[in-house]
Amino acid sequence: MSRSSSGDSTQLSAAELAAKIHARELSSEEVTRAHLDRIAEVDGEYNAFLHVAPEAALAAARVVDASLAAGAEPASALAGVPLALKDVFTTTDMPTTCASKILEGWMSPYDATVTAKLRAAGIPILGKTNMDEFAMGSSTENSAYGPTRNPWDTTRIPGGSGGGSAAALASHQAPLAIGTDTGGSIRQPAAVTATVGTKPTYGTVSRYGLVACASSLDQGGPCGRTVLDTALLHEVIAGHDPRDSTSRDVPIPAVVAAAREGARADLAGVKVGVVRELHSDSYQPGVLASFDAAVAVLKDLGAEVIEVSCPHFEYGLPSYYLVMPSEVSSNLARFDAMRYGLRAGDDGTHSADQVMALTRAAGFGPEVKRRIMLGTYALSAGYYDAYYGQALKVRTLIAQDFDRAYEQVDVLVSPTSPFTPWKLGEKVDDPLAMYLSDLCTLPTNLAGHPAMSVPSGLSVDDGMPVGLQIMAPAFADDRLYRVGAAYEAARGPIA
Ligand code: GLN
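K.L.:
What exactly am I supposed to notice about the overall build of the chain here?
P.N.:
When helices and strands are tallied, the chain shows 16 helices and eleven strands. Its C-alpha atoms give the chain a radius of gyration of 21 Å, near enough to 23 Å, the size a compact globule of 495 residues would have. Each of the 495 residues in the chain was classed as buried or not, and the buried ones make up 59%. Per element, the accessible surface of the chain, about 17,400 Å² overall, is 53% carbon and sulfur.

K.L.:
What exactly am I supposed to notice about the nonpolar core here?
P.N.:
Nonpolar side chains tend to gather and get buried jointly when the protein is soluble and globular. Leu 118, Phe 134 and Leu 233 are the most contacted members of the largest nonpolar core, which totals 111 residues. Those residues in contact with Leu 118 that sit more than four places away from it in its chain are Leu 83, Leu 85, Ile 123, Ile 125, Ile 178, Leu 233, Val 236 and Ile 237. Grouped together as the second largest cluster of nonpolar side chains are 14 residues, Ile 39, Ala 84, Ala 167 and Cys 223 included.

K.L.:
Just checking my understanding: could you explain the state of the cysteines for this structure?
P.N.:
One covalent bond between the sulfur atoms of two cysteine residues makes up a disulfide. Per the stated rule, a full pass over the model turns up zero disulfides. Free of any disulfide, Cys 213 has its nearest neighbouring cysteine sulfur in Cys 98, separated by 9.1 Å. Classification of Cys 213 by relative accessible area gives buried; the value is 3%. Take Cys 440: it sits in no disulfide, and the sulfur closest to it among the cysteines is that of Cys 310, at 12 Å.

K.L.:
Quick question: what am I supposed to make of the environment of Glu 277 here?
P.N.:
When you line up the elements, Glu 277 lands in the loop between β7 (271–275) and α9 (285–300). The exposure class of Glu 277 is partly exposed, given its relative accessible area of 25%. The spatial distance from the C-alpha of Glu 277 to the C-alpha of Ser 309 is 6.6 Å, given a sequence separation of 32 residues. Looking at Glu 277, its side chain comes within polar contact range of the main-chain nitrogen of Cys 310, at 2.7 Å.

K.L.:
Even after reading the chapter, I still don't get the pattern of salt bridges, so can you show me in this structure?
P.N.:
A side chain of one charge can pair with a side chain of the opposite charge if their charged atoms are brought near each other. Throughout the structure, instances matching the rule amount to 17 salt bridges. The salt bridge partner of Arg 119 is Asp 93, with a shortest N-O separation of 3.0 Å. Here the residue Arg 119 occupies a position in helix α4 (residues 113–120), and Asp 93 occupies one in the loop between β2 (83–86) and α4, the gap between them amounting to 26 residues. Here Arg 482 makes a salt bridge to Glu 261, at a shortest N to O gap of 3.4 Å. Here Glu 261 lies in helix α8 (residues 255–262) and Arg 482 lies in helix α16 (residues 477–491), a separation of 221 residues in the sequence. Several salt bridges share partner residues, and in doing so they unite Glu 29, Arg 33 and Arg 62 into one network.

K.L.:
Could you clarify how one ought to interpret the site of the ligand in this entry?
P.N.:
Around the ligand, a shell composed of 15 residues is seen, among which Ala 135, Gly 183, Ser 185, Tyr 320 and Arg 371 lie nearest. Contact distances for the ligand include 2.7 Å between an oxygen atom and a backbone N or O atom of Gly 183. At a separation of 2.6 Å, an oxygen atom of the ligand approaches a polar side-chain atom of Ser 185. Look at the ligand: alone it shows 290 Å² of surface, and the protein chains cover 100% of it. Assessed atom by atom at 2 Å from the grid points, the ligand resides in the largest cavity. In terms of residue count, the dominant contributor to the shell around the ligand is helix α10 (residues 316–331) (three residues). Its residues placed into classes, the shell around the ligand shows five nonpolar, seven polar and three charged.

K.L.:
Got a minute to help me understand the packing of aromatic side chains in this structure?
P.N.:
Given two aromatic rings, one states the distance between the centres and the angle between the planes to describe the pair. Tallying each qualifying case throughout the model produces 14 aromatic pairs. On the basis of an interplanar angle of 40° and a centroid distance of 5.1 Å, the ring pair of Tyr 110 and Tyr 208 is categorised as tilted. Separated by 98 residues along the polypeptide, Tyr 110 in the loop between β2 and α4 and Tyr 208 in the loop between β5 (196–199) and β6 (220–224) bring together distant segments of the chain. Overall, the relative accessible area of 33% leaves Tyr 110 in the partly exposed class. An aromatic cluster of three or more residues is present, and its members are Trp 106, Phe 134, Phe 335, Tyr 340 and Phe 364. Its end group placed over the ring of Trp 422, Lys 427 keeps NZ or CZ at 4.3 Å from the ring centre.

K.L.:
Just to check I follow, could you spell out helix α11 (residues 352–363) for this structure?
P.N.:
Within an α-helix, residues lying three or four positions from one another point in the same direction, as the helix has 3.6 residues per turn. Helix length check: α11, at twelve residues, gives a terminal C-alpha distance of 16 Å against a target of 16 Å (1.5 Å per residue), a fit within 8%. Within α11 the residues assigned to the buried category are Val 355, Thr 359, Arg 360 and Gly 363. In an axial view of α11, the angular spread of the buried residues amounts to 125°, which keeps them on one side of the axis. On its buried face, α11 is in contact with α12 (366–379).

K.L.:
I tried to follow the layout of surface pockets on my own but got confused; where do I start?
P.N.:
Empty space among the atoms becomes apparent when a probe as large as a water molecule is rolled across them. Estimates place the volume of the largest pocket at around 620 Å³. Around the largest pocket, the lining comprises 28 residues; the ones closest to its centre are Arg 225, Thr 226, Glu 488, Arg 491 and Pro 493. Its residues placed into classes, the lining of the largest pocket shows 15 nonpolar, seven polar and six charged.

K.L.:
When you look at empty space enclosed by the protein in this model, what are you seeing that I'm missing?
P.N.:
Under the counting rule described, the total for this entry stands at three cavities of 30 Å³ or more. Estimates place the volume of the largest cavity at around 80 Å³. In terms of lining residues, the largest cavity is bounded by 14 residues, among which Gly 137, Gly 183, Ser 185, Tyr 320 and Asp 438 are the most central. Here the lining of the largest cavity is composed, by residue class, of three nonpolar, nine polar and two charged. Looking at the second largest cavity, its volume works out to about 40 Å³.

K.L.:
Sorry, what's going on with a nonpolar patch on the surface here?
P.N.:
A cluster of nonpolar side chains, namely Tyr 377, Tyr 383 and Tyr 387, defines an oily patch on the protein surface of about 280 Å² accessible area. Topologically, Tyr 387 is positioned in helix α13 (residues 385–408).

Cut-off values and rules
Residues numbered from 1 in each chain as written. Predicted model: local features only at pLDDT ≥ 70, side-chain atom pairs only at ≥ 80, totals over all residues. Heavy atoms only, no water. Helix = DSSP H or I, 4+ residues; strand = E, 2+ residues; numbered from the N terminus. Rg over C-alpha atoms; globule rule 2.2 N^0.38 Å. Buried < 20%, exposed > 50% of the residue type's maximum accessible area, 1.4 Å probe, protein only. Areas by Shrake-Rupley, 256 points an atom, 1.4 Å probe, with all protein chains shown as cover. Core = buried A, V, L, I, M, F, W, Y, C linked by side-chain atoms within 4.5 Å. Contact = heavy atoms within 4.5 Å. Disulfide = S-S within 2.5 Å. Polar contact = N/O pair within 3.5 Å; in protein donor to acceptor, adjacent residues only side chain to side chain. Salt bridge = Lys/Arg side-chain N within 4 Å of Asp/Glu carboxyl O. Near = heavy atom within 4 Å. 1 Å grid on protein atoms, 1.4 Å probe; cavity = no way out; pocket = protein on both sides within 12 Å on 5 of 7 lines; lining within 4 Å. Sits in = over half its atoms within 2 Å of the grid points. Nonpolar A, V, L, I, M, F, W, Y, C, P; charged D, E, K, R; others polar. Phe/Tyr/Trp six-rings, centres within 6.5 Å; stacked < 30°, edge-to-face > 60°. Lys NZ or Arg CZ within 6 Å of the ring centre and 35° of its normal. Expected span 1.5 Å × (residues − 1). Arc of directions from axis to C-beta. Points joined across faces, edges and corners; volume = space filled by probe spheres on them. Patch = residues over 30% accessible without salt bridge, like charges linked within 9 Å, V, L, I, M, F, W, Y side chains within 5 Å.

Interpretation note: all reported values are geometric properties and have no functional meaning in isolation.
Have a look at this one:
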């Protein structure tokens, strides 16, 4: 992986940058400029960004610097630290495309709540990151604007759907990023790029202005290179939002305090469950070896480790791939050629229906079309009970497995992904092989629970990054940070 020269602010963590900016040892403007320079220098190689906004980012940075110079308190713990935003959150000053042709150049009339919270926190937004089209995929190859490449090996995928955010972090183009996780799109890219990512408890980060993929599963979340940085960002974006009907009006767990406590590297009294069903011989041997080594580290830290069984997890994949496309088929009906972006065949010779069909045929990529068709079928009369109805029952059984497991343990652990990053192109013609990479991440989305991926080293088989997944009960996101930070401290640097 190419790194810029030492002494430059792109090498620092977000927590370190915030401390220096708030002490006025560095200005937010110079830090933001260093990251913009880095993007200009290296992103041709990675394609992590779909849009870069130098003027807006520098203007936001200057506002932070001026306020600090005037003696004001920082607007947040991360004020002045720049960030990369997944191109699925609306922004009024940059296009929002969801990496789709159907939204090419589309400007939102309003900011997502997450975007607004970042702005209010004094976080300059560097640009919008690449992703699988409408967040459907596990490799970022489904982007209409070309794939993102993994900074650890540019012939390999950066994970998906949030590959752009993860690659931006791993290549030091941004110290912080925002992702979304419907079935693993924050955690799996984190795992394969050796970065950290958290899917918060469903309902604790607003979905207002997050372009909907599967509404009962979608959740925005923080991404960073360290557990503490991720916690700091988590506290900025979480919170009740009356504009999101599924937003929960509950206190947000103290994740920053938990990360700081975890950094003391003591897990005495913490019970960790290893999920038997997420540890299979079909996983890559190097992934299993890394996972087993991580579990040994947790034991050394004083955790009590036991094996637990969640028998319905093996049906997580079929359940998810019915629920998720069903919601997609409904949500993506709004792209009807009348309200947003692209309009094809509007030459006076076609009916409104024909314009809609031509626009959707031209504007959506193959994976999006596949999901719309799968979902429409699963919801159709005569099949609803057999497919969608059954999938919902399995969803309940999975949630019950979690409930039973959490009677015995505080957190559950598994590999984040069964595989390290594969070669670009390797799975594009085999959707099922692509879906199998989500095996370990899907159950938490179906249950609405929080989970994190933290780097667990490089695989002995190919030298590529592996992630440890930590899962916790709903509204206990703080446990992820305590265990994740303790593990990170004991594990030491990755490479
Ligand atoms: N890879 C999963 C899918 O393709 C998850 C996507 C996501 O979390 N947005 O659906």
